[in-house]
Structures are given as structure tokens and as C-alpha cells.
Amino acid sequence: MELRQLEYFVAVAEEANFTRAAERVNISQSGISAQIKALEREVGAELIDRRSRVAALTVAGKAAVHHAKAALASAESLQRSVDEVNLLVRGRIDVGMVTACTVTPLFDALASFHREHPGVEVSLSEDNSDVLIERVLAGSLDVALVGTAADPPDELESLVLIREGLAACVPPEHPLAGRSDVTVRELCAYPVVCLPPGTGIRSVFDESCSRTSANPNVAFAASAPAAVADLAARGMGVAVLSRSMSTDFTDRLVSVPISDAVVDAVLALVWSPNPSVAVRAFTRHVGANA
């Protein structure tokens, strides 16, 4: 019994016609008929009733066709599994990440993925979150770590790593340093140091200002959180960062939660709904390390 015989049998069963079935599987009508007769001899029963113009299944054929389809599906799954392994032996994924990324789970995932699949080349690039998202949507990036205001785009698959509010970071001598929290409007009474437009944190801050009718004076914008903190420590303005980012600078700055930011800052991994085998494997590593 051969897989091609089962394929021909299923084709005749579904088309109910030897001619159409032969065209479907690219074989002559005599060839498909001969192969099915060989299959019938092997199983010891007639599977197709040839006495009418319609190629109908016999009782034995009806019993056999489900198993034939299952056998073909299993063979296809076997081939797909082997193909996936082969793709992971030699492949490539292009990974984007927010500028000055310091997210430990991403680097842990990169390390564990490389150990398990050393033949896959990984290319890394940095940019603002809005650019990274557009590149994933366009297909020039396979997967990206991005910051967003609220949830990631619906058009992409995603894994949220961090969801949190914003904080105002100021030197210990600043008037806000003794506060338990601060509103957006209170914060905007001072010059602001923030990440640039296109980043998730800046999107959250801008939306919060818009909804609370606050008018911020963004004195400086820097692409790296450390640079934002350094400017604030020098008295150039109030730094606006995520609450987890602010914990990296407690030696120089006091972190004050912003109480009325309208949405959370989200850090998420995003990828296409139809990922490659290597991308699926990589996202599993990120999830395991999150």
C-alpha cells in the first residue's frame, strides 16, 4: 500500500469521477484506475463502484476513505515536522527592539534561543516603537519588542511583558520629591524631559496631557531612558519614565507616581499572524523567560 494510491483513492472518492480525479492529481485516467485496482487487490475488497457513470464508493470504500484521509494527513504532518526542524537548522530572524533596550527577558530569550538553535542567524536593530511596528506590518522585521499606549495593534500577534503606569523622576531637592503622587497638570508646571515621539511612554504621556488639557513644555527629548534621567538629575526638567524604568536611577532621582495617566505603558513583543518556524520558536523562548 502506497501513499500515492491512497491519494488517488481519496481524489476519486471526492470527485466521484475518474477523469476529474486524474486531472486533479496529474495522472492519466488509465493510470489512476490501475493504481486503485492495485489498492483494491491489496485490501481484498472493491472500493469504487464502476458500474455507473458516477464513481461511487462501495460499502468497503466508505469505511476505508476516512482512514485514507487520516493516513495522508499524518504523512503531511510528519513532513511538516521534518521541514520545521530543517528550517531551524539554518534560518534567519530579524528582531527589532526599542532604542536602548535593557529588558532582561528579551536578552535571556535570545541567549536560550541561540543555544537551542545555533544555526539560525539573528539580526538585531533598534528604533522607535512606531517605526518597529510599521516594519513588522510591512514584513521587513519578523518580530519586535515595542512600547505602546494601552494594547498592541490588533493586526499583530503579541505577548505583553510589562504593563505599568508612568512616574515623574526628580532630584531629591525638587519641590515634587516629597509628594506621594502627582497629576499630569501638576507635573506640567515644570519643564519636562521625555522620550521622543513614536515611543510608547511618550504616547502615553501625550495622550494623558491631551485628555487632562495639560500643556507640557518638553524641554528635552532623548531616545535613551538613561539620558532622560541624566538630564533630570542635572536640573533640566522633570523626567517622565515608566515606573519600572525609574527604579534604575534611585541613586540620583526620586520617583513619584503620576496618578492620572489615562492608559498604561505597555512593553510587548509583536509579530506577524503568520510567523515562520524560527519566529514561533523565538516567541516561545520569550514567553518562557518573561
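Heads up: the structure comes first, above all this text.
Read on for a plain summary of the structure. Please read these numbers as outputs of a predicted model, since none were measured by experiment.

**Some words on the overall build of the protein chain**
Then, in step 1: When its secondary structure is counted, the protein chain shows 11 helices and 12 strands.
Then, in step 2: Expected size for 290 residues packed as a compact globule is a radius of gyration near 19 Å; at 30 Å, the protein chain overshoots this value by more than 25%.
Then, in step 3: Taken over the C-alpha atoms alone, the protein chain extends approximately 95 × 40 × 25 Å along its principal axes.
Then, in step 4: Across the 290 residues in the protein chain, those meeting the buried criterion constitute 42%.
Then, in step 5: Taking the intrachain contacts of the protein chain between residues at least 6 apart in sequence as the baseline, contacts between residues at least 24 apart amount to 73%.
Then, in step 6: By element, 50% of the accessible surface of the protein chain is carried by carbon and sulfur atoms, the whole surface being about 14,500 Å².

**Quick word on unusual backbone geometry**
Then, in step 1: One non-glycine residue with positive phi stands out, namely Ala16, at about 55 degrees.
Then, in step 2: On the basis of relative accessibility, which here comes to 26%, the residue Ala16 falls in the partly exposed class.
Then, in step 3: Positioned with a positive phi, Asn26 is a non-glycine residue whose angle comes to about 55 degrees.
Then, in step 4: Residue placement: Asn26 occurs in the loop between α2 (18–24) and α3 (29–43).

**A closer look at the layout of surface pockets**
Then, in step 1: Taken as a whole, the largest pocket spans an internal volume of roughly 570 Å³.
Then, in step 2: In terms of lining, the largest pocket is formed by 29 residues, of which the most central are Val98, Val103, Pro225, Met245 and Leu267.
Then, in step 3: Listing elements by their share of the lining of the largest pocket, those giving two or more residues are α5 (104–116), β6 (157–164), α8 (200–211), α9 (225–233), α10 (243–246) and β12 (265–271).
Then, in step 4: With 3 residues, β12 is the single largest residue contributor to the lining of the largest pocket.
Then, in step 5: In terms of residue class, the lining of the largest pocket is built from 15 nonpolar, 11 polar and 3 charged.

**Some details on the pattern of salt bridges**
Then, in step 1: The tally for this structure, following the rule as stated, stands at 16 salt bridges.
Then, in step 2: Residue Arg4 pairs with Glu2 through a salt bridge whose shortest N-O separation is 2.6 Å.
Then, in step 3: Look at Glu2 and you get partly exposed, because its relative accessible area is 37%.
Then, in step 4: Put simply, Glu186 and Arg179 hold a salt bridge, and the shortest N to O gap is 2.8 Å.
Then, in step 5: Using a relative accessible area of 31% as the deciding quantity, one classes Glu186 as partly exposed.
Then, in step 6: Residue classification places Arg179 among the partly exposed residues on the basis of a relative accessible area of 35%.

**Focus: the packing of helix α1 (residues 3–15) against α3**
Then, in step 1: Running from N to C, α1 and α3 point in directions that differ by 110 degrees, and their axes come no closer than 9 Å. Taken together, the axes of α1 and α3 lie roughly perpendicular to each other. Where α1 approaches α3, its residues Arg4, Gln5, Leu6, Tyr8, Phe9 and Val12 are matched on the opposing element by Ile32, Gln35, Ile36, Ala38, Leu39 and Glu42.
Then, in step 2: Tallied by class, the residues present in the contact of α1 with α3 amount to 8 nonpolar, 2 polar and 2 charged.

**Some points on the nonpolar core**
Then, in step 1: Within the largest apolar cluster, 33 residues are counted, with the highest numbers of intra-cluster contacts made by Leu166, Val182, Leu187, Phe205, Val228, Val240 and Ile258.
Then, in step 2: If you list the elements that add at least two residues to this core, you get β7 (166–170), α7 (184–187), β8 (191–194), α8, α9 and β10 (238–242).
Then, in step 3: Once residues within four sequence positions are removed from consideration, Val182 is found in contact with Ala168, Leu176, Leu187, Val256, Pro257, Ile258, Ser259 and Asp260.
Then, in step 4: Formed by 30 residues, the second largest nonpolar core is a distinct cluster that contains Leu132, Leu269, Ala278 and Ala281.

Conventions and cut-offs
- Residues numbered from 1 in each chain as written.
- Predicted model: local features only at pLDDT ≥ 70, side-chain atom pairs only at ≥ 80, totals over all residues.
- Heavy atoms only, no water.
- Helix = DSSP H or I, 4+ residues; strand = E, 2+ residues; numbered from the N terminus.
- Rg over C-alpha atoms; globule rule 2.2 N^0.38 Å.
- Buried < 20%, exposed > 50% of the residue type's maximum accessible area, 1.4 Å probe, protein only.
- Contact = heavy atoms within 4.5 Å.
- Areas by Shrake-Rupley, 256 points an atom, 1.4 Å probe, with all protein chains shown as cover.
- 1 Å grid on protein atoms, 1.4 Å probe; cavity = no way out; pocket = protein on both sides within 12 Å on 5 of 7 lines; lining within 4 Å.
- Points joined across faces, edges and corners; volume = space filled by probe spheres on them.
- Nonpolar A, V, L, I, M, F, W, Y, C, P; charged D, E, K, R; others polar.
- Salt bridge = Lys/Arg side-chain N within 4 Å of Asp/Glu carboxyl O.
- Axes fitted to C-alpha atoms, helices over the stretch in contact; angles between N-to-C directions.
- Parallel < 35°, antiparallel > 145°, perpendicular 65-115°, else oblique.
- Core = buried A, V, L, I, M, F, W, Y, C linked by side-chain atoms within 4.5 Å.

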